[in-house]
Amino acid sequence: MALPQPRAGLMDIPLYEGGKSSLSGQDRVIKLSSNESALGPSPKAVGAYAQVQDKLARYPDSSAADLKAAISEVHGLEESRIICGAGSDEILGLICRAYAGPGDEVIHTEHGFLMYGLYTRSVGATPVVAPETNITVDVDAILAAVTDTTRIVFIANPNNPTGTYIPGADVISLREGLREDIVLVLDGAYAEFMTGADYEPGLALASDSPNTIMTRTFSKIYGLASLRVGWAYGPKTIIDVLERLRSPFNINASAIAAAAAAMRDTDHTADAAAHNIRWMGVSLQCLRALGLEIIGESANFVVPRFPDTHGYTAADADVYLQQKGIIARRVTDYGLPNHLRITLGTDEEMEVVLSALTKFMGGDDG
Ligand SMILES: *Cc1c(COP(=O)(O)O)cnc(C)c1O
């Protein structure tokens, strides 16, 4: 008798491995491996979360209406064009299920977020990797990778794990160069950290074009990674499709309450962004003074490139940091074996990690 067989290709999908959160033999660690918020969530979000404990027997509001209202208030958007997901990851997966299948191609870039390729394979479609230039999304290379069967293009702007971004004008050129039937997904997981005047989080195209969708998350600047909440904005036609595919009640009541409060606490978000700017500046200066080259500098992490010299490689740095209880993220699986991605943490954490890296590189940490 033949046993149940999964669809072709499913067992070829590598398991996604998130950043480590513990180290054997160490009870206190500094976890800088998953780009979580240094300041944690807004106290108002924590308060709203706690209030839900009296209502755990009830199903949540399947439309997440209060969360959509909060997003629409803060960003000035149409509620009917917002979809909420259990993490923006869920929405990225829904987009693949809706618009791609066997025989179709989905483009992501060389060092792009790993989930794009994994979700593409989950629906039986074929991931196509467009090369990057200087570890940055290259619009011409994406356009050159398009074929008759391309259905979706994913870019994270800024990208994780590179921290590099392309200006709004380039995103518009990308859209203009793509056929109209191709869905362009602009993943803005780190949009709230961005300061460059030439940056645009994707809202303009998601608002005005019939084929572009922007995704955002509560896992990064809002400090609610454990609750799994994300959202997307796009044309009503695409949102209507995704609404048919998502599970009912996909966001739990605690997540809806906390995320809505977090979105409305714009002061807390501004504090988190300011904290990030300050430590980005200090970290870049410190790491460059150690002779390390940094690729991106726009999200809430730094990505130094370590030397090839034995004893000073990214692998050596990772081991050294772990001995000090610090968890960074190796990015070999993203094609960057010589880099480490280090999330910008709290004041205390940053002092410890920068001083550890200074010692590691053989410098004087004062
Ligand atoms: C963290 C991250 C996400 C996923 O966020 P969730 O909302 O937690 O699923 C999506 N895209 C990029 C680029 C990320 O770094």
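Q: Describe in detail the site of the ligand, supporting the description with residues and values.
A: The immediate surroundings of the ligand are formed by 13 residues, with S88, D187, T217, S219 and K220 found nearest. At 3.0 Å, a backbone N or O of D89 approaches an oxygen atom of the ligand. A distance of 2.7 Å is found between an oxygen atom of the ligand and a side-chain nitrogen or oxygen belonging to N160. Protein chains shield 94% of the accessible area of the ligand, which is 390 Å² for the free molecule. Because more than half of its atoms lie within 2 Å of the grid, the ligand is assigned to the largest pocket. Among the elements that take part in the shell around the ligand, helix 3 (residues 87-99) stands out by supplying three residues, more than any other. Considered class by class, the residues forming the shell around the ligand number four nonpolar, five polar and four charged.

Q: Just give me the short version of helix 9 (residues 253-264), but keep the residues and values in it.
A: Taking 1.5 Å of rise per residue, the 12 residues of helix 9 would be expected to cover 16 Å, and the 17 Å separating its terminal C-alpha atoms lies within 8% of that figure. With nine of its 12 residues buried, helix 9 lies for the most part within the structure. Looking at helix 9, one finds that the buried residues are S254, A255, I256, A258, A259, A260, A261, A262 and M263. The secondary structure elements touched by the buried residues of helix 9 are helix 1 (43-51), helix 2 (65-75), strand 8 (230-233) and helix 10 (266-289). The N-cap of helix 9, judged by a side-chain oxygen 3.0 Å from the amide nitrogen of S254 a few residues on, is N252.

Q: Quick one: what's the story with empty space enclosed by the protein, residue by residue and with numbers?
A: A water-sized probe rolled over the atoms picks out the places where empty space is left. Overall, the coordinates contain four cavities of 30 Å³ or more when judged by the stated rule. By volume, the largest cavity is sized at about 60 Å³. Looking at the largest cavity, the residues that line it are E36, S37, A38, L39, F193, I221, A272, H275, N276, N300 and L344. In terms of residue class, the lining of the largest cavity is made up of six nonpolar, four polar and one charged. For the second largest cavity, the full set of lining residues is G168, V171, I172, L186, E200, G202, A204 and L205. For the lining of the second largest cavity, the secondary-structure elements that each account for two or more residues are helix 6 (168-177) and helix 7 (203-208). For the lining of the second largest cavity, the element with the most residues is helix 6, which contributes three residues. Of the residues that constitute the lining of the second largest cavity, the class distribution is five nonpolar, two polar and one charged.

Q: Report on the pattern of salt bridges, specifying residues and quantitative values.
A: Counted by the stated rule, this structure contains 16 salt bridges. For R264, the salt bridge identified is with D66, shortest N-O distance 3.2 Å. Of this pair, R264 sits in helix 9 while D66 sits in helix 2, placing them 198 residues apart in sequence. The salt bridge involving E192 is made with R216; its shortest N-O contact spans 3.2 Å. Here R216 lies in strand 7 (residues 212-217) and E192 lies in the loop between strand 6 (183-187) and helix 7, a separation of 24 residues in the sequence. Judged by its relative accessible area of 16%, E192 is buried. Each of the salt bridges in this network shares a partner with another, and the network as a whole consists of D104, R151, R179 and D181.

Q: Account for the packing of aromatic side chains, with residues named and values stated.
A: Here a ring pair, both rings aromatic, is described through the centre-centre distance and the interplanar angle of the planes. A complete count under the given rule lists nine aromatic pairs for this structure. Taking the centre distance of 4.6 Å and the plane angle of 5° together, the rings of Y116 and F154 count as stacked. Linking Y116 in helix 4 (residues 115-122) with F154 in strand 5 (residues 150-156), this pair joins segments that are 38 residues apart in sequence. A residue is classified by how much of its surface remains accessible, and F154, at 1% relative accessible area, is buried. Between the aromatic rings of Y190 and F301, the centroid separation amounts to 5.4 Å while the plane-to-plane angle is 80°, which identifies the pairing as edge-to-face. Residue Y190 is located in the loop between strand 6 and helix 7, and its partner F301 is located in strand 10 (residues 301-302); the two are separated by 111 residues in the primary sequence.

Q: How would you explain the packing of helix 10 against helix 12 (residues 347-360) if you had to name every residue and give the values?
A: It is the contact of helix 10 with helix 12, at a shortest axis distance of 11 Å, that shows an interaxial angle of 10°. If you check the angle between helix 10 and helix 12, you find them roughly parallel. Here H275, R278, W279, V282, S283, C286 and L287 of helix 10 lie close against helix 12, whose contacting residues are D347, M350, E351, L354, L357 and T358. Tallied by class, residues from the contact of helix 10 with helix 12 come to seven nonpolar, three polar and three charged.

Q: Tell me about the pairing of strand 7, residues and numbers included.
A: When you tally the buried positions in strand 7, you get six out of six residues, the bulk of the element. With burial as the criterion, each face of strand 7 is covered, one bearing T212, M214 and R216 and the other bearing I213, T215 and T217. Note that the unit made of strand 6, helix 7 and strand 7 has a crossover that is right-handed. Note that strand 7 and strand 8 share four bridges and pair antiparallel. Pairing of M214 across the sheet is with Y233, part of strand 8.

Cut-offs and rules
- The residue numbering used here restarts from 1 in each chain and proceeds along that chain's sequence as written.
- Only residues with pLDDT of at least 70 are given local features in this predicted model, and only at 80 or more are side-chain atom pairs given and counted; all residues enter the totals for whole chains, interfaces and linings.
- Side-chain descriptors were evaluated using all non-hydrogen atoms of the structure, hydrogens and water having been removed beforehand.
- To be near a molecule or strand, a residue needs just one of its heavy atoms within 4 Å of it.
- Within 3.5 Å is the distance limit for a polar contact, defined as a pair of N or O atoms, with the added protein rule that one can donate a hydrogen and the other accept it, and that residues adjacent in sequence qualify only through two side-chain atoms.
- Methods summary: accessible areas were calculated by the Shrake-Rupley approach with a probe of 1.4 Å, and residue burial reflects only the protein chains presented.
- Points on a 1 Å grid over protein atoms alone make up a cavity when a 1.4 Å probe fits among them but cannot get out, and a pocket when they form an open set with protein on both sides within 12 Å along at least five of seven lines; lining residues each have an atom within 4 Å of a point.
- Occupancy of a cavity or pocket is assigned to a molecule whenever over half of its atoms lie within 2 Å of that pocket's grid points.
- Runs of H or I in DSSP of at least four residues are treated as helices and runs of E of at least two as strands, each being numbered from the N terminus.
- All amino acids are sorted into three groups, where Ala, Val, Leu, Ile, Met, Phe, Trp, Tyr, Cys and Pro are nonpolar, Asp, Glu, Lys and Arg are charged, and the leftover types, Gly among them, are polar.
- Multiplying 1.5 Å by the residue count of a helix minus one yields the expected span of that helix.
- The classification of residues rests on relative accessible area computed with a 1.4 Å probe and restricted to protein chains. Under 20% of the type maximum is buried, over 50% is exposed, and intermediate values are partly exposed.
- Contacts are residue-level and defined by heavy atoms, with any inter-residue pair within 4.5 Å sufficient.
- Grid points are joined across faces, edges and corners, and a volume is the space filled by probe spheres set on the points.
- Each reported salt bridge corresponds to a side-chain nitrogen of Lys or Arg within 4 Å of a carboxyl oxygen of Asp or Glu.
- Only Phe, Tyr and Trp rings take part, Trp by its six-membered ring, and two of them pair if their centres are within 6.5 Å. Stacked means planes under 30 degrees apart, edge-to-face means over 60, and tilted covers everything else.
- Throughout, an axis means a line fitted to C-alpha atoms (over the contacting stretch in the case of helices), and angles, computed between N-to-C directions, take values from 0 to 180 degrees.
- Any angle that is under 35 degrees is reported as roughly parallel, and any over 145 degrees as roughly antiparallel; angles of 65 to 115 degrees are reported as roughly perpendicular and all others as oblique.
- Look down the strands so they point away from you; if the path from the first strand over the helix to the second goes clockwise, the crossover is right-handed.
- Pairing between strands is defined by DSSP: at least two bridges between them are needed.

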